[in-house]
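Geometric and topological summary
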Amino acid sequence: MVPILSAQNVSKHFRGLEALSGVDFQVAEGSITSVIGPNGAGKTTLFNVIAGNQAPNGGQIRFRERVISGLAPNSICRLGIARTYQNVRPFLGLSVWNNVKVALLFGRREPLPSAREDAEIESVLEFAQLTAHPARKAETLTPLERKRLEIARALATDPEVMLLDEIVAGLSPAEALQMMETIRVLNGRGITILLIEHVMKAVMGLSSHIIVLHHGVKIAEGAPKDIARDQEVIRAYLGDAGEEG
Ligand SMILES: Nc1ncnc2c1ncn2[C@@H]1O[C@H](COP(=O)(O)OP(=O)(O)OP(=O)(O)O)[C@@H](O)[C@H]1O
Ligand SMILES: [Mg+2]
């Protein structure tokens, strides 16, 4: 079967720094696939390249058979690939409602008939547990609510694929469990999930497949149980911890 998303030999460098070198991977349709790796491994850069925020210096990203690398972020979003940001970035001066409305108006493959817009926004806010104060400005939201708003904005574009960059990290244990459940429900709706996460409980509990990056190179991939005992992966994490400590 053709993977819903794939990378062929993708490279991205910033002056002398190889943020990604020759990265290949495939994401199976309907899966929850995780991208892990120590700080600076190139994970967010990979999302930037997939979502069109940055063009790769080499290689290609495909959405099914179609090459999407080189397209603008709004075009990629309209094809059905939505993302959330590690450093969440709502329109701070806009209300929660209008943040979702912008995504709904500009990010969808098929524009929604205007008579259905309000009901759709309502339903997205309900899913993201944000119905309490739709008129609140995004700048007044707590960190958890901002993460929920990221999910809501992505969901409002009616995506086939969601790229979630550290959506669990930074939450309390109870909030993290809730967010994991949210991710499961999104996946249950048929949305393929690509997840960057440092919280291993989330990675191990959610993913069917894990891709490991280290210094811009894919050093391993496989099922969670195999990745957990992969010597090179363990070395990458312990090595970096050792350098810091
Ligand atoms: N725009 C940029 N200009 C220069 N260097 C960059 C840029 N973006 C990322 N880098 C560098 O590329 C490398 C990979 O960064 P990236 O943000 O992709 O890592 P990451 O795996 O997401 O890390 P973290 O877990 O800390 O979020 C890092 O060394 C980073 O400093
Ligand atoms: Mg990152």
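Before going into details, it helps to say that this report is about the structure given with it.

What counts and how
- The written sequence of each chain sets the order in which its residues are numbered from 1.
- Labels follow written order: the first chain is A, the first ligand is 1, and so on.
- In keeping with the predicted nature of the model, local features appear solely for residues at pLDDT of at least 70, side-chain atom pairs appear and are counted solely at 80 or more, and the whole-chain, interface and lining totals rest on all residues.
- To get the side-chain values, take all heavy atoms of the structure and skip hydrogens and water.
- Pairing of aromatic side chains requires ring centres within 6.5 Å, counting the rings of Phe and Tyr and the six-membered ring of Trp. Pairs whose planes differ by under 30 degrees are stacked, by over 60 edge-to-face, and all others tilted.
- In this analysis the charged atom, NZ for Lys or CZ for Arg, is taken to sit over a ring once it is within 6 Å of the ring centre and within 35 degrees of the ring normal.
- Whether two strands pair depends on DSSP finding at least two bridges between them.
- Counting from the N terminus, the helices are the DSSP runs of H or I reaching at least four residues and the strands are the DSSP runs of E reaching at least two.
- The contact definition used throughout considers only heavy atoms, calling two residues in contact when any of these lie within 4.5 Å.
- To get an axis, a line is fitted to the C-alpha atoms, and for a helix only the part in contact is used. The angle between two axes follows their N-to-C directions and goes from 0 to 180 degrees.
- If even one non-hydrogen atom of a residue comes within 4 Å of a molecule or strand, that residue is called near it.
- What qualifies as a polar contact is a pair of N or O atoms within 3.5 Å, subject to a donor-acceptor requirement within protein and to the restriction that residues adjacent in sequence count only when both atoms come from side chains.
- Each accessible area is a Shrake-Rupley result for a 1.4 Å probe, and residues are judged covered by the shown protein chains and nothing else.
- Any residue that is not Ala, Val, Leu, Ile, Met, Phe, Trp, Tyr, Cys, Pro, Asp, Glu, Lys or Arg is counted as polar, Gly included; the first ten are nonpolar and the last four charged.
- Multiplying one less than the number of residues by 1.5 Å gives the expected span of a helix.
- Burial classification: accessible surface area is computed with a 1.4 Å probe over protein chains only, and a residue below 20% of its type maximum counts as buried, one above 50% as exposed, and the rest as partly exposed.
- Our arc is simply the arc of the directions from the helix axis toward the C-beta atoms.

Right, let's talk about the packing of aromatic side chains for a bit. By convention here, two paired aromatic rings are described through the distance between centres and the angle between planes. Under the counting rule described, the total for this entry stands at 0 aromatic pairs. Between Arg64 and the ring centre of Phe63, over which it is positioned, the NZ or CZ distance is 5.5 Å. Sitting above the plane of the Tyr85 ring, Arg89 keeps its charged end 3.9 Å from the centroid.

Think of a sheet as strands paired side by side through backbone hydrogen bonds, with each pair either parallel or antiparallel. With antiparallel pairing, 4 strands are arranged side by side in an open sheet as E2-E1-E4-E5. Two strands bound the open sheet, and with one partner strand each, they are strand E2 (17–27) and strand E5 (66–67). Both strand E4 (residues 58–63) and E5 contribute to a ladder of 2 bridges, which runs antiparallel. Across the sheet, the residue bridging to Phe63 is Arg66, located in E5. Packed on one face of the sheet, helix H1 (residues 43–51) meets strand E1 (5–14), E2 and E4 and runs near 65 degrees to E2.

A separate point is the site of ligand 1. Near ligand 1 you find 13 residues, and of these Gly40, Lys43, Thr45, Gln86 and His198 are the closest. At a separation of 3.1 Å, an oxygen atom of ligand 1 approaches a polar backbone atom of Ala41. Thr44 is positioned with one of its side-chain polar atoms (N or O) 2.9 Å from an oxygen atom of ligand 1. Burial of ligand 1 by the protein amounts to 64% of the accessible area it has alone, namely 640 Å². Elements with a contribution of two residues or more to the shell around ligand 1: E2 and H1. The greatest single-element share of the shell around ligand 1, amounting to 3 residues, is contributed by H1. Of the residues belonging to the shell around ligand 1, the class tally is 4 nonpolar, 7 polar and 2 charged.

Right, let's talk about helix H4 (residues 114–127) for a bit. For H4, spanning 14 residues, the distance from its first C-alpha to its last is 20 Å, which sits close to the expected 20 Å at 1.5 Å a residue. What H4 keeps buried is the set Glu117, Ile121, Val124, Leu125 and Phe127. Down the axis of H4, the sector holding all buried residues measures 150 degrees, keeping them to one side. Away from its buried face, by an angle of more than 90 degrees, H4 presents the exposed residues Ala115, Ala119 and Glu126.

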